[in-house]
Amino acid sequence: MPDIAWTVTQMRAGERVVVNEELIAAYQSASSPHSIRALKSDLEAFDLWCRRTGRIALPATPEIVADYLDARAGQGAKPASLGRYKASIAKIHQLLELKDPTQAELVKLRLRAIRRDKGTAQAQARPLRFKGPVRDVAAETPRGLNVRALLEACSEDLPELRDRALLSVAYDTGLRASELVAVCVEHMLDALDPEARLLAIPRAKGDQEGEGATAFLSPRSVRAITTWMEAAGIEAGPLFRRVQVRRYKARAAVKKRTLASISGREIWDLRKTLPKKAVPARVEYDVGEGALRPGSIGQIWRAMIQRAFRRGALSDLTADDLERLLKGVSAHSTRVGLNQDLFASGEDLAGIMDALRWKSPRMPLAYNRNLAAEAGAVGRLARKPE
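Residues numbered from 1 in each chain as written. Predicted model: local features only at pLDDT ≥ 70, side-chain atom pairs only at ≥ 80, totals over all residues. Heavy atoms only, no water.

Novice: How do you make sense of the sheet that holds strand β3 (residues 213-217) when you look at a structure like this?
Specialist: What the three strands build is an open sheet, ordered β1-β2-β3; its pairing is antiparallel. At either end of the open sheet lies a strand with only one pairing partner, and these are β1 (188-190) and β3. Recorded for the sheet is a direction-independent mean angle of 35° between the axes of neighbouring strands. Across three bridges, β1 lies against strand β2 (residues 197-201) in antiparallel orientation. In the strand pairing of β2, Asp190 is matched with Arg197. The sheet strands contacting helix α8 (residues 158-173) are β2 and β3, and the helix crosses β3 at an angle near 120°. Each of β1, β2 and β3 is contacted by helix α10 (residues 219-232), which is oriented at about 90° to β3, the strand it contacts most. (Pairing = 2+ DSSP bridges. Helix = DSSP H or I, 4+ residues; strand = E, 2+ residues; numbered from the N terminus. Axes fitted to C-alpha atoms, helices over the stretch in contact; angles between N-to-C directions. Contact = heavy atoms within 4.5 Å.)

Novice: What am I meant to see in the packing of helix α3 (residues 33-53) against helix α4 (residues 62-74) here?
Specialist: A pair of packed helices is captured by two measures, namely the crossing angle of their axes and the spacing between those axes. Across the interface, α3 lies against α4 with an axial gap of 11 Å and an inter-helix angle of 100°. In this view, α3 runs roughly perpendicular relative to α4, as classed from their interaxial angle. Between α3 and α4, the contacting residues are Asp42, Ala45, Phe46, Trp49 and Cys50 on the first element and Ile64, Asp67, Tyr68, Ala71 and Arg72 on the second. Among the residues forming the contact of α3 with α4, the class breakdown is seven nonpolar, no polar and three charged. (Parallel < 35°, antiparallel > 145°, perpendicular 65-115°, else oblique. Nonpolar A, V, L, I, M, F, W, Y, C, P; charged D, E, K, R; others polar.)

Novice: Whenever I open this one, the pattern of salt bridges confuses me. Can you help?
Specialist: Note on pairing: side chains with opposite charge can pair once their charged atoms come close. Per the counting criterion, the structure on display carries 20 salt bridges. For Glu44, the salt bridge goes to Lys40, with nearest N and O atoms at 2.5 Å. Of this pair, Glu44 and Lys40 are both found in helix α3, four residues apart, which corresponds to roughly one turn of the helix. When its relative accessible area of 37% is taken as the criterion, Glu44 is described as partly exposed. The partner of Arg84 in a salt bridge is Asp42, with the nearest N and O atoms 2.6 Å apart. A residue pair is termed long-range when its members are at least 10 positions apart, and Arg84 in helix α5 (residues 79-95) and Asp42 in helix α3 qualify at 42 residues. The exposure class of Asp42 is buried, given its relative accessible area of 5%. Each of Glu160, Arg162, Asp163, Arg307 and Arg311 takes part in one network of salt bridges that share partners. (Salt bridge = Lys/Arg side-chain N within 4 Å of Asp/Glu carboxyl O. Buried < 20%, exposed > 50% of the residue type's maximum accessible area, 1.4 Å probe, protein only.)

Novice: Which parts of the structure should I look at to understand the nonpolar core?
Specialist: Generally speaking, soluble globular proteins have nonpolar side chains that are buried together. If you look at the biggest cluster of nonpolar residues, it comprises 61 residues, and the most contacted ones within it are Leu180, Trp228, Phe240, Ile297, Trp301 and Ile305. Tallying contributions element by element places α8 first for this core, with eight residues. Apart from residues no more than four positions distant in its own chain, Ile297 is found in contact with Leu166, Ala177, Leu180, Val181, Leu292 and Ala331. Of all hydrophobic cores here, the second largest spans 31 residues; its members include Met11, Ile24, Leu98 and Ile114. (Core = buried A, V, L, I, M, F, W, Y, C linked by side-chain atoms within 4.5 Å.)

Novice: Even after reading the chapter, I still don't get the packing of aromatic side chains, so can you show me in this structure?
Specialist: Aromatic rings in a pair are described by how distant their centres are and how their planes are angled relative to each other. Under the defined criterion, the tally for this structure stands at five aromatic pairs. Ring geometry for Phe130 against Tyr171: centres 5.5 Å apart, planes inclined by 40°, an arrangement best described as tilted. Pair noted here: Phe130 is in the loop between α6 (105-118) and α7 (147-152) and Tyr171 is in helix α8, with a separation of 41 residues, a long-range link. Assessed through its relative accessible area of 18%, Phe130 is described here as buried. Each member of the aromatic cluster is reached from another via a ring pair, and the members are Phe46, Trp49, Tyr68 and Tyr85. Sitting above the plane of the Trp358 ring, Arg176 keeps its charged end 5.7 Å from the centroid. (Phe/Tyr/Trp six-rings, centres within 6.5 Å; stacked < 30°, edge-to-face > 60°. Lys NZ or Arg CZ within 6 Å of the ring centre and 35° of its normal.)

Novice: Sorry if this is basic, but what is going on with helix α12 (residues 319-326) here?
Specialist: Side chains that are three or four residues apart share a direction in an α-helix, a result of its 3.6 residues per turn. Taken together, the buried positions of α12 are Leu322, Leu325 and Leu326. Angular distribution of buried residues about the axis of α12 spans 95°; they occupy a single face of the element. At its buried positions, α12 is contacted by α11 (296-310). (Arc of directions from axis to C-beta.)

The following block contains the structure:
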């Protein structure tokens, strides 16, 4: 786990700063590793800017913080990121029991001006919906970029068995990348439907105190998981693991040679006189012991999409369509896609929030903004016959 206390001691200070190690240790114990890494990264970036511009990072003044936010905005940082930088600077001042410079009116007004200029809308991950961009999830035929085609395009080799199970579980549960790679065999529980399962989620982004939650795994996902576990020999521990692939080329047969055929320019070895059988091409797999990294999930989705396109499973997409769509695909795409499919299926906001474990309605409403516009009054009017 990153050491915040060590990071603080490396920052440029204008006066002697006393590090309350007990307070910082308590903060690290109460925070997720992701939050600590983000704070450490933000502090290092702020300190580097201060050094380059001849400023003092600790304690910072409101003017320094305001100028830093302006500088990062000029480099293309989005308002949401600027809000995180501001919060990180505030947090380290609080942990060091220094006056918080971010509470000054100057900082608030500068940040408000940036938001007014750039807008606060965040880029949304490209949704991976089960049947793609359809209005009726139950009745319509899959089209465009869709989860069903990606699942069906997977082959029966070990890496793709894992990818099929991974994508199916990700869509069923709407888990974030860090939650998805944390799934263990022991987390799967019996359900009322003997072909389905429940998935215990010990901890999630919005559940830092570990109250836990439960998600539903469809029979489709259970079949994919079972096939992957049997092929990979997994009985316990992390469910989704790295698979190392080793490919060996075929070698043609070698006829027996006589001693006289070995020239003086060759290295003398009697084994050269022995015949060798042909060796066919083969592939070997090694399944790791640890879980996949969260950062690998988006890469896996993009690789699955490209494979499915090459195999003709996304036949209504062109190469240009594929290039455009891939740019927006991330690890979060399955969560956005499930969110939109639930909305399109007629689920109410409370049901969607419960299914995806949202604490606030803000994000599910944001993800459904485009669908809501199409399903709204003007969209319904446009679909009526003239």
